[in-house]
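Coordinate inspection notes
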Amino acid sequence: MSNQEKTINVTPTGDILVIREGVAPDVFQYNGFKYTADSTPALISLVQSKSVKEHCVIAYTENGFQAILNDQVFDRKQDRITYGFKKSQQYKEWQQILESGFVFNQKQFIDFLRRREPDEIIHVESLIAAIQNFKYVTNVSGDFTFDDRNNYTFAFKVGDAEGTVRLPQFIYADIEIYNESDFVQKMELELEVQKPKSEGERLLFALTCPKLPRYQKEAVKYEIDKVKTELDGYLIVAGSI
């Protein structure tokens, strides 16, 4: 018998025999609603509007939240909400500096500072002005010194002209790590001035954030505390569900 042939045995029970051939539709299977939040406020709103409070379970880790909207459902998959902590647009603009550091030349550094929002960097105008003072220096001979106010003092000599430029060793920026968080932290950034290694080279400016893990920990704590406050009376546990 070929693969295309079939044998059907039929026992008739009347004068008419009807044979229908086809594929029966799949039985509908409800997979539960799956909501994905993009911020802590969105998670809170979804829980408040979609859950059965006395049967809702919310769990959190350092990476985000999960919620079962009604854990009394047994005959189908349960409705869930997930929120994996999402970085803010502002954080994304700072991300390379914060996470791995970045070395700017003079123009790159000035352009970056000018693109910041008002009051995002403390004393940004004086910082830009100090960096611009290097614009006329082509052949530099001089030295760095540090004073007790956490500043770089850079003495230079161009021909017969001498001068000094002072730059801070630390820059402070107000940054919101997570999307729609409203938790803005004053982050300390270390500014390292890299001396030219030969005549004709320019100064380079390296920005790093050694304290980033501390800021991230505080941001996670804020999000968790916010959920606990806004969803008071709900079952909220540490862990995964």
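This text goes with the structure placed above it.
Residues numbered from 1 in each chain as written. Predicted model: local features only at pLDDT ≥ 70, side-chain atom pairs only at ≥ 80, totals over all residues. Heavy atoms only, no water.

1. Considering helix H1 (residues 40-50)
Buried within H1 are the following residues: Thr40, Leu43, Ile44, Leu46 and Val47. All buried residues of H1 fall inside an arc of 165° around its axis, so they share one side. Here the buried face of H1 lies against strand S1 (34-36), strand S2 (57-61), strand S3 (64-68), strand S4 (80-84) and helix H5 (212-230). Here H1 starts with a cap whose side-chain oxygen sits 3.2 Å from the backbone nitrogen of Ala42, and that cap is Ser39. (Buried < 20%, exposed > 50% of the residue type's maximum accessible area, 1.4 Å probe, protein only. Helix = DSSP H or I, 4+ residues; strand = E, 2+ residues; numbered from the N terminus. Arc of directions from axis to C-beta. Contact = heavy atoms within 4.5 Å. Polar contact = N/O pair within 3.5 Å; in protein donor to acceptor, adjacent residues only side chain to side chain.)

2. Things to note about the pattern of salt bridges
Considering all chains together, one arrives at eight salt bridges under this definition. With a closest N to O distance of 3.4 Å, Arg116 and Glu120 form a salt bridge. Here Arg116 matches Glu120 in class, with each residue buried. A salt bridge links Lys211 to Glu188, with the nearest nitrogen and oxygen atoms 3.1 Å apart. One end of the pair, Lys211, is in the loop between strand S11 (204-208) and H5; the other, Glu188, is in strand S10 (residues 184-194), with 23 residues separating them in the sequence. For Lys211, a relative accessible area of 27% gives the class partly exposed. Accessibility expressed as a relative area gives 14% for Glu188, which makes it buried. Residues joined by salt bridges that share partners form a network here, namely Glu93, Arg116 and Glu120. (Salt bridge = Lys/Arg side-chain N within 4 Å of Asp/Glu carboxyl O.)

3. As for the environment of Glu99
In this fold, Glu99 is placed in helix H2 (residues 89-100). The class for Glu99 is partly exposed, based on a relative accessible area of 43%. C-alpha of Glu99 to C-alpha of Cys209: the two residues are 110 residues apart in sequence and 7.2 Å apart in space. Setting aside residues up to four positions removed in sequence, Glu99 forms contacts with Tyr91 and Leu212. In this structure the side chain of Glu99 is engaged in a polar contact, spanning 2.8 Å, whose partner is the side chain of Tyr91.

4. Notes on helix H3 (residues 106-114)
Those residues of H3 not exposed but buried are Gln106, Phe109, Ile110, Asp111, Phe112 and Leu113. Among the structural elements, H2, strand S5 (102-104), helix H4 (124-132), strand S9 (170-176), S10 and S11 are those in contact with the buried residues of H3. If you check the start of H3, you find a side-chain oxygen 3.2 Å away from the backbone N of Lys107, and it comes from Asn105.

5. Some thoughts on the sheet that holds S11
Pairing in this open sheet of four strands is antiparallel, and the strands run S5-S11-S10-S9 from one edge to the other. The outermost strands of the open sheet, each flanked by one partner alone, are S5 and S9. Pairwise comparison of adjacent strand axes, ignoring direction, gives a mean angle of 30° for this sheet. Here H2 sits on the sheet and contacts S5, S9, S10 and S11; the angle it forms with S9, its principal contact strand, is near 140°. Against the sheet, H3 engages S5, S9, S10 and S11, with an angle of about 110° to S5. (Pairing = 2+ DSSP bridges. Axes fitted to C-alpha atoms, helices over the stretch in contact; angles between N-to-C directions.)

Functional significance is not addressed by these values, which are geometric in nature.
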